[in-house]
Amino acid sequence: MIVTATGQPGLPFGTLPRLLLAWICTEVVRTQSARLRLGATLAEFMRELGITSRSGGVRGDRTRLRDQIERLFNASIRLSYEREGFTRSVASMIADRSELWWQVESPETPSMWGSTVRLGSGFFAEILRRPVPVDMATLRALRRCPLGLDLYLWLTYATFSLDRPRRITWPVLYRQFADQPSEQYDKNEVQMFRRRALRELRKIKAVWPRLNYRVEAGRRGHKNRAGALVIGPTTPKIPARRSRVAR
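Procedures and definitions
Residues numbered from 1 in each chain as written. Predicted model: local features only at pLDDT ≥ 70, side-chain atom pairs only at ≥ 80, totals over all residues. Heavy atoms only, no water. Helix = DSSP H or I, 4+ residues; strand = E, 2+ residues; numbered from the N terminus. Rg over C-alpha atoms; globule rule 2.2 N^0.38 Å. Areas by Shrake-Rupley, 256 points an atom, 1.4 Å probe, with all protein chains shown as cover. Lys, Arg positive; Asp, Glu negative; His and termini not counted. Charge placed at Lys NZ, Arg CZ, Asp CG, Glu CD. Buried < 20%, exposed > 50% of the residue type's maximum accessible area, 1.4 Å probe, protein only. Salt bridge = Lys/Arg side-chain N within 4 Å of Asp/Glu carboxyl O. Polar contact = N/O pair within 3.5 Å; in protein donor to acceptor, adjacent residues only side chain to side chain. Axes fitted to C-alpha atoms, helices over the stretch in contact; angles between N-to-C directions. Parallel < 35°, antiparallel > 145°, perpendicular 65-115°, else oblique. Left-handed = near helix turned anticlockwise from the far one by under 90°. Contact = heavy atoms within 4.5 Å. pLDDT = per-residue confidence, 0-100.

With that settled, the discussion passes to the overall build of the chain. A count of helices and strands for the chain gives nine helices and nine strands. Over its C-alpha trace the chain gives a radius of gyration of 19 Å, about what one expects of a compact globule, namely 18 Å for 247 residues. Reported as C-alpha extents along the three principal axes, the dimensions of the chain are approximately 65 × 40 × 35 Å. Split by element, the accessible area of the chain, about 14,600 Å² in all, is 50% carbon and sulfur. For the chain, the separation between the mean place of its 44 positive charges and that of its 22 negative charges on side chains is 7 Å.

Here is the structure:
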């Protein structure tokens, strides 16, 4: 997956764009529409995302959310799959039109016109073609850590499609989720990542009790001393519709 900034203010980052994307995907599946209403006020939309703080200023939640919305809506995304002799990719702007009428300084004040976003056609089509049922309440509970959000979204997809346990070593998980994938062979980096991931997994298990996973201990002297994460088939927090599964 490649995300490209198409202008100011730059690339989206952190937990807020993750929450935004999950909300967008949920609303697309619910409404079957590429045009989404974001709410009459900034405070209303913040409540949708589970953000209870109303702090303002340069570093406040209101300012950060508005900034990340603009970053996300002005970005393009490319999904690519490659294997020997075959390449497939799809690219789209995340949004081809957006209107934000909120007043950051007065988040409870309704605007004359509602804030909306119209998704890019390719992005919209991909959401409808392969929807993954995620629980927004769970995402809100995990919203303080990007790794926790990433792990929950990945586990929702990975465990749902499993028919038998799957073993993933920590260097492989590090390469997928860590900030510096090239450091996957650094034992200290992988061990620190493992500790952070296990902390987030415990939080996910608390809000998703049916999550089926176990931690395989490493063996002394073995090249994969950090061990592995073993995940098994799991009932998702939000049951998939039969028609969706059939497709």
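And the narrative resumes.
Below, the discussion takes up the side chain of Arg-62. Note on placement: Arg-62 falls in helix 3 (residues 61–73). Although Arg-62 is buried, it makes no salt bridge; Glu-105 carries the closest opposite charge, 7.0 Å away. Side-chain polar atoms of Arg-62 contact the backbone oxygen of Val-104, separated by 2.7 Å.

Let us now look at the pattern of salt bridges. All chains considered together, the criterion is met by 14 salt bridges. Residue Glu-70 pairs with Arg-66 through a salt bridge whose shortest N-O separation is 3.1 Å. Placement of both Glu-70 and Arg-66 in helix 3 is noted, with a separation of four residues, approximately one turn of the helix. On the basis of relative accessible area, Glu-70 is assigned to the partly exposed category, the value being 29%. Where Glu-200 meets Arg-199, a salt bridge forms, and the shortest distance between an N and an O atom there is 3.3 Å.

Running from N to C, helix 6 (residues 146–160) and helix 7 (residues 170–177) cross one another at 110 degrees; their axes reach a closest spacing of 11 Å. With respect to their mutual orientation, helix 6 and helix 7 come out roughly perpendicular. Here helix 6 and helix 7 pass one another in a crossing that is right-handed. Residues Leu-147, Asp-150, Leu-151 and Trp-154 of helix 6 pack against Leu-173, Gln-176 and Phe-177 of helix 7.

Do not read the fine detail of predicted coordinates wherever pLDDT is low. Confidence in the prediction of the chain, expressed as mean pLDDT, is 87, and 91% of residues score 70 or more. Mean pLDDT in the chain bottoms out at helix 9 (residues 242–246), which sits at 46, and peaks at strand 9 (residues 228–231), which reaches 96. Here residues 243–247 scores under 50 on pLDDT; set against residues more than four positions off or in separate chains, the count is eight contacts.

For the rest of this paragraph, the subject is the environment of Glu-108. Structurally, Glu-108 can be placed in the loop between strand 5 (95–99) and strand 6 (115–119). Residue classification places Glu-108 among the partly exposed positions, given a relative accessible area of 48%. Sequence separation between Glu-108 and Glu-44 is 64 residues; the distance between their C-alpha atoms is 7.6 Å.

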